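# Reading the structure
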Amino acid sequence: MGKRMTLGSFSFDAVIYILLTAMMFAFLYPLYYIGIISVSDGISVMRGDVKWFPVGWNWEAYRTVLANPLVLTSYGNTLLYTGLGTFVNVVATALCAYPLSRSRLYGRKVFTVLIIITMLVHGGMIPTYIVVNSLGLLNSIWAIIIPPAINVWYMIIMRTFFQNIPNEIHESAFMDGANDLVILWRLVLPLSLPVIATMVMFYAVWHWNSFFPATIYLHENKLYPVQVILRSMVIDGSVQADSSRDLTTIVTSMKYAMIMITILPIICVYPFIQKYFVKGAMVGSLKG
Amino acid sequence: MKTKSWLAVLSCTSLLVLAACSGNSGDSVPPGKSSAVAPQTEGSKGNKLLDKPITIHVLSTDTSPPVNTKSPVFDYIFERTNVRLDLELAATNYAQRAQTIVATNSLPDVMKIPNGSPYFAEAAKNGLFLPLDDYMADLPNLSKIMKQDKEIEKNKVDGKLYSFPVLGQWKLQLAQAPMMRVDLLQELGLSVPKTFNELYQVLKKMKEKYPDSIPFTSREGAKNLLRPLAFALGSGNRMYFDPAIDGGKYVYGQAHPEFKAVLEYVHKLYAEKLLDPDYAVNTGDQMKEKLSAGKAFFYYDNNSFGVNFNTALLASNPKAKFDLLPLMQNDRGQTRNWMYAKDWLHHFVISAKAKNPKEIVKFFDWLYSDEGTLITNYGIEGKHFKMVGGKPVIEESVIKEFANTKDPYRYMQNTLGVGFLAFSLNVDEHPMAVVSPPELSKWAEQIVPDKGYVYELFDPPFTSAESAKLKTLQSKVDTLVDQEMDKFIIGTRPLSDYDKFIQQLKDSGALEIEKIYNDAYVRLMQQSK
């Protein structure tokens, strides 16, 4: 920085810094607030004493939440659904995107249109439930993993990316005796790592946050993902005006402890994967 | 090119339609876990409810902490009745789950349908549920209760019973009731207000002594403020059942001149800053904060909150104490107040396709018997409770076991798998009273009909045509009421305008709503004769 700052640019920078700090505060404070409530004493929380620092520090809320055996099993389930689900997603999406990216596929346009229609016109909950039920997937992990195996939108992003791989590479691979599977596995996928990484990210976050299919398709609570447990504590346990059961509502600090437990892994991982999210937003943007 | 792609779209949509149709018409949904006859291990004993052991698959709601479905209480139920309960409890989003199951006609043997679910009557008419009227001989216990508790009639569809109701056999009665800092009354040398006029004077004195305080606070806007207050002041908020008019009839409160007095009173409190200036936007948490930090002294809402406020106040002011006031007389000479409804009236329905309908009916009726009620609310005699002078008393060991958990009531009931939160159709809340702070039981003794309390009632059952009409009418009238109540209370619209407002409500159909309610009510009364 050889140049001296003019007053104008200095004040401009100052305003920007102040604005950004204010924004950062606005984003971080709610998170921080959940954190301090979860370790504060319930009565102080109700009196509204907790604003900046925890009052009456204790881990009671966490102890109570973690004493619920379902919290840990559901955590394991979420990891399983996210891991296996994302794997199935990426494999299925790639297997669908690859043929659609090849111009020599017979009826490519028709298939593409048919697939896109499913994106625009959705069957709705009841028909989907009937299909899942008839396939005997109810109350099994597959009800969570198979129905959302391919997200059409992500598949199109992937297809667009595959299309940008020069055709000459395919031709020369054919000359060397490779078939489509080999080309996909040995050439296309290694060349498409950015888009694969993005897909993994998108799908994984989707699985992590998903609760609705689990509440509809799963019967046994030992199969529930952690989001279902969270929802049952935070939403169903909240005070309603019409309720005569207010006495038995769940204590605020317990709800907040549960929220912390659920989001902590994502918070820890996020700073490291955040740059892929930024990249991912650009991947698949229209390039012809 | 264009025509080609259109063709593709067309053929594709037709395919989709075909697929959807075949999915719906095929009624052959796999039965899932239906009532299979369990292996007969113990042989049939004479004193059991059923001769042969069966398993009943029941879908119901769960709470947190999760209900322990492996509790010895369920083994004990099997021992007593030969029924093995296969409980499937959904932790969250139950309303949508239940609706999906009903819509796809894939019911388990028995499932819970929350009270007020709009699809219940439709499904009953379509024959999805077992009509219980065909099994009246197997329902001695429920029939006996139904003779006394007429509210159950409201669960009927076209005069027929399709569901086992969730009843409150004994409740730790709560109400939206007047709760005041009685220590301040003493401090200011005031006596307990006996009329609403005296209440106004008391609030005024409090404000004079503590000018920074908010004497009266509330939560969730005008609707929740007026719900108890309007009835106590001689009218009622929106559609309500007024026992004082023509021997009891449904009335739209705001559409009658009696409501003006309510608004006059509330407006007076607001104008003199006795009512929270933020009453219209207060959330539940904000209200609780004000009351438990000693900034507000009076509220007219769920009395059980008072327990928490008292604990919170104790730290800063050992004398501070919220107590339930005796009901106050209004200007019309009435002393009356709502208390929360006696029953929940959630439905437990038996699938029309269930394999052992007669046995299931017998078992569910048993749940209302003395024995069934005891077991499903207290657990096993000798282990979880003992009988003292004909009354069940929870064993010390059980109370001790859960005393140190953060929420003893929930943990006790859900670990044992008993009570309202777990599995009971005839709910006895004595266990709740035992583990709750003593004030609640004391207050519950005051919340009785003798002191002027009236049970809130459920809506009478409507025909589908009536429901459709009500929906349109109520959305119009209720919206109008929502918009204008705050204006009258705050004073941006003068009360001299109220007669005009009544006319507006009548023009929008308030009286038609009343008529639909009362017709349905009369019909219900005739059916139940």
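Quantities reported herein were computed from a predicted structural model and do not represent experimental measurements.

Moving on, we get to the overall build of chain B. Of the regular secondary structure elements, chain B holds 20 helices and 17 strands. Taking the principal axes of its C-alpha atoms as reference, chain B extends roughly 75 × 75 × 55 Å. Counting all 529 residues of chain B, 55% fall into the buried class. Summed over its atoms, the accessible surface of chain B is roughly 22800 Å², and 54% of this surface lies on carbon and sulfur atoms. The averaged location of the 63 negative side-chain charges in chain B is 2 Å from the averaged location of its 63 positive side-chain charges.

Moving on, we get to helix H12 (residues 357-366) of chain B. Counting buried positions along H12 of chain B gives seven out of ten residues, so the element sits mostly inside the fold. Buried within H12 of chain B are the following residues: Pro357, Ile360, Val361, Phe363, Phe364, Asp365 and Trp366 of chain B.

With 91% of its residues at a pLDDT of 70 or more, chain B shows a mean pLDDT of 87. Our summary of model confidence lists the complex with pTM equal to 0.79 and ipTM equal to 0.72.

Our next topic: the domain arrangement of chain B. Where the parts come together, the accessible area they lose is often given as the size of the interface. Residue and element names in this part refer to chain B. Per the domain assignment, the segments making up chain B are domain 1 (54-167 + 345-434), domain 2 (176-339) and domain 3 (464-528). On a C-alpha basis, the centres of domain 1 and domain 3 stand 36 Å from each other. Facing seven residues of domain 1, the contacting portion of domain 3 comprises four residues. Roughly 440 Å² of surface becomes buried between domain 1 and domain 3 when both sides are summed, with 57% attributable to carbon and sulfur atoms. Applying the counting criterion to the domain 1 and domain 3 interface returns zero salt bridges. Across the domain 1-domain 3 interface, the total number found is one residue pair in polar contact (both at pLDDT 80 or more).

Turning our attention to the environment of Glu445 of chain B. Tracing the backbone shows Glu445 of chain B in helix H17 (residues 438-446). Spatially, the C-alpha atom of Glu445 of chain B lies 8.8 Å from that of Leu172 of chain B, the residues being 273 residues apart in sequence.

Right, let's get into the sheet that holds strand S4 (residues 163-165) of chain B. Residue and element names in this part refer to chain B. Reading across from one edge, S2-S1-S3-S13-S4 is the order of the five strands in this open sheet, with mixed pairing throughout. The strands lining the two open edges of the sheet, one partner per strand, are strand S2 (83-90) and S4. Put simply, the sheet's adjacent strands are angled 25° from each other on average, direction ignored. Where strand S1 (residues 54-61) meets strand S3 (residues 110-113), two bridges bridge the pair, whose relative direction is parallel. When the bridges of S3 are listed, Leu59 appears paired with Met111.

Moving on, we get to the packing of helix H2 (residues 72-81) of chain B against helix H13 (residues 370-378) of chain B. Residues and elements named next belong to chain B. Interhelical geometry of H2 versus H13 gives an angle of 165° and a closest axis separation of 10 Å. Here H13 runs roughly antiparallel to H2, going by the angle between their axes. Pair H2 / H13 crosses with right-handed handedness. Of the residues in H13, those in contact with Val73, Tyr76, Ile77 and Arg80 of H2 are Glu371, Ile375 and Thr376. Its residues assigned to classes, the contact of H2 with H13 comprises four nonpolar, one polar and two charged.

All names here are of chain A. Split into domains, chain A comes out as domain 1 (8-58) and domain 2 (69-282). On a C-alpha basis, the centroid separation for the pair domain 1 and domain 2 is 33 Å. At the junction of the two partners, domain 1 supplies eight residues and domain 2 supplies eight residues. Counting the surface lost from both domain 1 and domain 2, the interface buries some 620 Å², and carbon and sulfur atoms represent 88% of this. Broken down residue by residue, the surface that domain 1 buries against domain 2 is led by Leu31, Ile34 and Ser38, which jointly contribute 62%. At the junction of domain 1 with domain 2, the criterion picks out zero salt bridges. Inspection of the region where domain 1 meets domain 2 yields zero residue pairs in polar contact (both at pLDDT 80 or more). In terms of residues, the side of domain 1 that touches domain 2 owes the most to one element, helix H1 (residues 7-38), which gives six residues. Residues belonging to the side of domain 1 that touches domain 2 are distributed by class as follows: five nonpolar, three polar and no charged.

Unlike most non-glycine residues, Asn82 of chain B shows phi in positive territory, near 70°. Look at Arg238 of chain B: it is not a glycine, yet its phi comes out positive at around 55°.

Side chains that carry opposite charge are capable of pairing whenever their charged atoms lie near each other. All names here are of chain B. Applying the stated rule across the entire model yields 30 salt bridges over all chains. With a shortest N-O distance of 2.5 Å, Arg238 and Asp482 are connected by a salt bridge. Here the residue Arg238 occupies a position in the loop between helix H8 (221-232) and strand S8 (239-242), and Asp482 occupies one in helix H18 (residues 464-490), the gap between them amounting to 244 residues. Here the salt bridges do not stand alone but share partners, grouping Glu484, Lys487, Arg493, Asp497 and Lys500 into one network.

Rules used throughout
- Residues numbered from 1 in each chain as written.
- Chains lettered and ligands numbered in written order.
- Predicted model: local features only at pLDDT ≥ 70, side-chain atom pairs only at ≥ 80, totals over all residues.
- Heavy atoms only, no water.
- Helix = DSSP H or I, 4+ residues; strand = E, 2+ residues; numbered from the N terminus.
- Buried < 20%, exposed > 50% of the residue type's maximum accessible area, 1.4 Å probe, protein only.
- Areas by Shrake-Rupley, 256 points an atom, 1.4 Å probe, with all protein chains shown as cover.
- Lys, Arg positive; Asp, Glu negative; His and termini not counted.
- Charge placed at Lys NZ, Arg CZ, Asp CG, Glu CD.
- pLDDT = per-residue confidence, 0-100.
- Domains from an automatic or database assignment.
- Contact = heavy atoms within 4.5 Å.
- Buried area = accessible area lost by both parts, 1.4 Å probe.
- Salt bridge = Lys/Arg side-chain N within 4 Å of Asp/Glu carboxyl O.
- Polar contact = N/O pair within 3.5 Å; in protein donor to acceptor, adjacent residues only side chain to side chain.
- Pairing = 2+ DSSP bridges.
- Axes fitted to C-alpha atoms, helices over the stretch in contact; angles between N-to-C directions.
- Parallel < 35°, antiparallel > 145°, perpendicular 65-115°, else oblique.
- Left-handed = near helix turned anticlockwise from the far one by under 90°.
- Nonpolar A, V, L, I, M, F, W, Y, C, P; charged D, E, K, R; others polar.

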